[in-house]
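Structural overview
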Amino acid sequence: MINSEEDRHLKLAGEADCAPEPLPTLRHSTAHLMAQAVTQIFPEVKVAIGPAIEDGFYYDFAKPAPFTPEDLERIEAGMRELAKQDLAFVREEMARDKAIRFFEERGEPFKVEILRSIDAPTVSLYRQGDFVDLCRGPHVASTGAIRFFKLLSSSGAYWRGSEKNPMLQRIYGTAWLTKEDLDKYLWRLEEAKKRDHRKLGRELDLFEFHDISPGAPFWLPGGMVLVRELEKYARASLDARGYQEISTPMLVNKKLWEKSGHWQLYQANMFKVEVEVEEETFCLKPMNCPESTYVYGRTVRSYRDLPIRYSEMGRCHRNERSGTLTGLIRVRQFTQDDAHIYCRPDQVQSEITDLLDLVREWYGTFGLRPSYRLATRPPDKLGTDQQWDQAEDGLHEAMRANNLTYDLDKGGGAFYGPKIDIDVEDTLGRQWQLATIQVDLTMLPERMQCEYIDSDGQPKRPVVIHRAIFGSYERFIAILTEHFAGAFPTWLAPVQARVLPVSEKFAEYGRAVHARLRAAGIRAHLDDRNEKLGYRIREAQVHKVPYTLVVGEREAQHETASVRPHGSEKSAVLPVTEFLEGLAAEIGSRSATLTVGRSG
Ligand SMILES: [Zn+2]
Ligand SMILES: [Zn+2]
């Protein structure tokens, strides 16, 4: 697939450029500079396309062997040399037929293929020094403007993204307007590698994957603590907001999916199970929506019963291709923190207002900064304009009621209703799409025939609001692991405190402290191994245990412990009672930071 940035190479001359942003322009120019260096160093290479992408650029080349890290160094050095020459980027327009002959003579078959697919008399080329590319532009004035860049990696990529086409060699790079920006980005890359949840998941014993079930995590005891704490958090919050929790079957007769439309539209993503004796086909549910309507529809509902808020920790399966599976981010089995709210049209606004409040509360607990996008009616839609007006106005009003700024995604709604998509920004400034709040005016209500008896005695269709806030527990835990770099707040931490007797002599006091912590409901470990104290302290730090309690003679005499919070160089000696009180307060408030023993 050609994405919109790649279109830069495909657009026609004479078209007005859309307002060029400085960064994409710089990055796209850097891609040209790289292609120039590559063709100088490897004259046999054919050039394909090279767009700007988020945080950088790439260029694809036809070359029999992959680029090596040494190649990238040579290419980067070549780029710096060409940048020093300060070659101007010169635009020229050329008749399409002439351009085809031009690139044929230069032996560039990909450019010829692109040109043949363009239906226009004239195209534009950009030239810097001896390098010429078919390109819409715009570009920076000259190669001298390209100063802060780095080549990052190379990989195989199919021409135009199709497996039927030849495999090309792609080089990725990044470019920035200032040295600080480049340094910051490279630091972020390094930091992201260290924080990779797949790596930390192994090191901290949170979860693992096995080939016997690709894309389905085996939760280890440590990771299961995270799941349980998040569930506890979610349940307490939803209970207080009038939700009722339900649980619906995972294995469901295909008749349901025919009714809901998934069988026709989503079959390729569903796991099918043939039940031989009964000769029936069942599917593992890919989502919880249609089943929740069975719970709703089990009795006649009156307008006075609404809203009904059903939450479900729904375990779903989707048949993702094994090549696309990525840690906990892209899985085949996941558990959604799902909910379906059945309400009257006049209740949509207040329900959305409550949901946005809930979103802010939940993300705030983790220090994740949300941003909002409101997607409105697409050209092809179900339902009446009046229904859409009411729903969209409700969403706008709910945003205003929460004092939220948001982007408008005009026409980006689902065909059955408008929605709000919510991204969060983590500590590294990375964006993750998490929550979605979808207003369903017609699809589920119509297809699954949901009803309520309105005040006029007539049956009406309720509006269904679909929403998930964590998204899935798997993905959310991946994001939290990277966000906190594995050093979870105490309320989430798999092990909250480790007790280290300085030597065998104080093992008994250590056991007593450990027992007190456990009795107080703290997830505590006793490390009384026959290892040097320094080694055991380092181990506790490596495992990112929030609190390390060292106990020796003085501590045993005074019923204290030497408390060291994770990431701190200093310890504070505290009475065990005081430590427990402080810890209970910290955990109870779900503090994002460690608070005990900081001042002492
Ligand atoms: Zn270009
Ligand atoms: Zn749903």
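This section reports on the structure supplied with the text. (Residues numbered from 1 in each chain as written. Chains lettered and ligands numbered in written order. Predicted model: local features only at pLDDT ≥ 70, side-chain atom pairs only at ≥ 80, totals over all residues. Heavy atoms only, no water.)

1. Here we look at the nonpolar core
Condition: Residues belong to one nonpolar core when they are buried, are Ala, Val, Leu, Ile, Met, Phe, Trp, Tyr or Cys, and are joined through side-chain atoms within 4.5 Å. Using a 1.4 Å probe on the protein chains alone, a residue whose accessible area is under 20% of its type maximum counts as buried, one over 50% counts as exposed, and one in between counts as partly exposed. Helix numbers and strand numbers start at the N terminus; a helix is a DSSP run of H or I with at least 4 residues, a strand a run of E with at least 2.
Among the nonpolar cores identified, the biggest contains 58 residues, and L230, I352, Y363, F366 and I420 are the most heavily contacted of them. With eight residues, helix α11 (residues 348-365) is the largest single contributor of residues to this core. Of all hydrophobic cores here, the second largest spans 30 residues; its members include V38, Y59, L72 and L87.

2. With respect to the sheet that holds strand β13 (residues 272-275)
Keep this limit in mind: Between any two strands, at least two bridges found by DSSP are needed for them to pair. Helix axes are fitted to C-alpha atoms over the stretch in contact, other axes to C-alpha atoms as well, and angles between N-to-C directions run from 0 to 180 degrees.
The antiparallel open sheet is built from three strands, whose spatial order is β12-β14-β13. Whereas interior strands pair on both sides, the edge strands pair on one side only; in this sheet they are β12 (251-253) and β13. The sheet shows a mean angle of 35° between the axes of neighbouring strands, direction not considered. Where β12 and strand β14 (residues 280-284) come together, three bridges link them in antiparallel fashion. The residue bridging L251 from the neighbouring strand is L284, located in β14.

3. Describing the side chain of H317
Definition in use: Here a polar contact means two N or O atoms within 3.5 Å. Within protein one must be a hydrogen donor candidate and the other an acceptor candidate, and residues neighboring in sequence count only if both atoms are side-chain atoms. Between two residues, a contact is recorded if the distance between any of their heavy atoms is within 4.5 Å.
For H317, the location among the structural elements is in strand β15 (residues 308-317). At a separation of 3.2 Å, a polar atom in the side chain of H317 contacts the side chain of Q333. Setting aside anything within four residues of it in sequence, one finds H317 in contact with M250, N269, F271, L284, K285, P286, R332 and Q333.

4. Brief notes about the sheet that holds strand β17 (residues 369-375)
In sheet architecture, strand pairing relies on hydrogen bonds along the backbone and comes in two forms, parallel and antiparallel. One open sheet holds the eight strands; their spatial order is β11-β15-β16-β23-β20-β19-β17-β18, and the pairing between them is mixed. The open sheet terminates on both sides in strands that have one partner only, identified here as β11 (244-245) and β18 (407-409). Pairing of β17 with strand β19 (residues 419-425) involves seven bridges; the strand directions are antiparallel. Paired with R373 across the bridge in β19 is D421. Contacting β15, β16 (333-343), β17, β19, β20 (431-440) and β23 (463-472), α11 runs over the sheet at an angle of about 5° to β23.

5. Brief notes about the coordination of the zinc ion (ligand 2)
Spelled out, the test is: Here a donor is any nitrogen, oxygen or sulfur atom (N, O, S) within 2.8 Å of the metal, with 3.2 Å used for Na, K and Ca; water is not among the atoms considered, so some sites may look incomplete.
Protein-derived coordination of the zinc ion (ligand 2) comes from C289 (SG), H340 (NE2) and H466 (ND1), at a distance range of 2.1 to 2.2 Å. Read in sequence order, the donor residues coordinating the zinc ion (ligand 2) give the pattern C-x50-H-x125-H. A residue pair is termed long-range when its members are at least 10 positions apart, and C289 in helix α10 (residues 289-296) and H466 in strand β23 qualify at 177 residues. Of the two residues, C289 and H466, neither departs from the other in class, the shared state being buried.

6. Quick word on the environment of V140
Position of V140 among the secondary structure elements: in the loop between β6 (131-134) and β7 (148-158). Each C-alpha atom of the pair V140 and H28 lies 8.9 Å from the other, and the pair is 112 residues apart in sequence. Here V140 is in contact with T25, L26, S29, F89, A145 and I146, once residues within four sequence places are set aside.

7. Some points on the pattern of salt bridges
Stated precisely, the cut-off is as follows: In what follows, salt bridge is the name for a side-chain nitrogen of Lys or Arg lying within 4 Å of a carboxyl oxygen of Asp or Glu.
Summed over all chains, the structure comprises 46 salt bridges. Ionic pairing is found between R91 and E93, a salt bridge with its closest N-O pair at 3.3 Å. Residue R91 is classed as partly exposed on the basis of its relative accessible area of 32%. Owing to a relative accessible area of 47%, E93 belongs among the partly exposed residues under this scheme. Here E258 and K254 are joined by a salt bridge, their closest N and O atoms 3.6 Å apart. With a gap of four residues between them, E258 and K254 both fall in helix α8 (residues 254-260), about one helical turn apart. Residue E258 is classed as partly exposed on the basis of its relative accessible area, which comes to 33%.

Interpretation note: all reported values are geometric properties and have no functional meaning in isolation.
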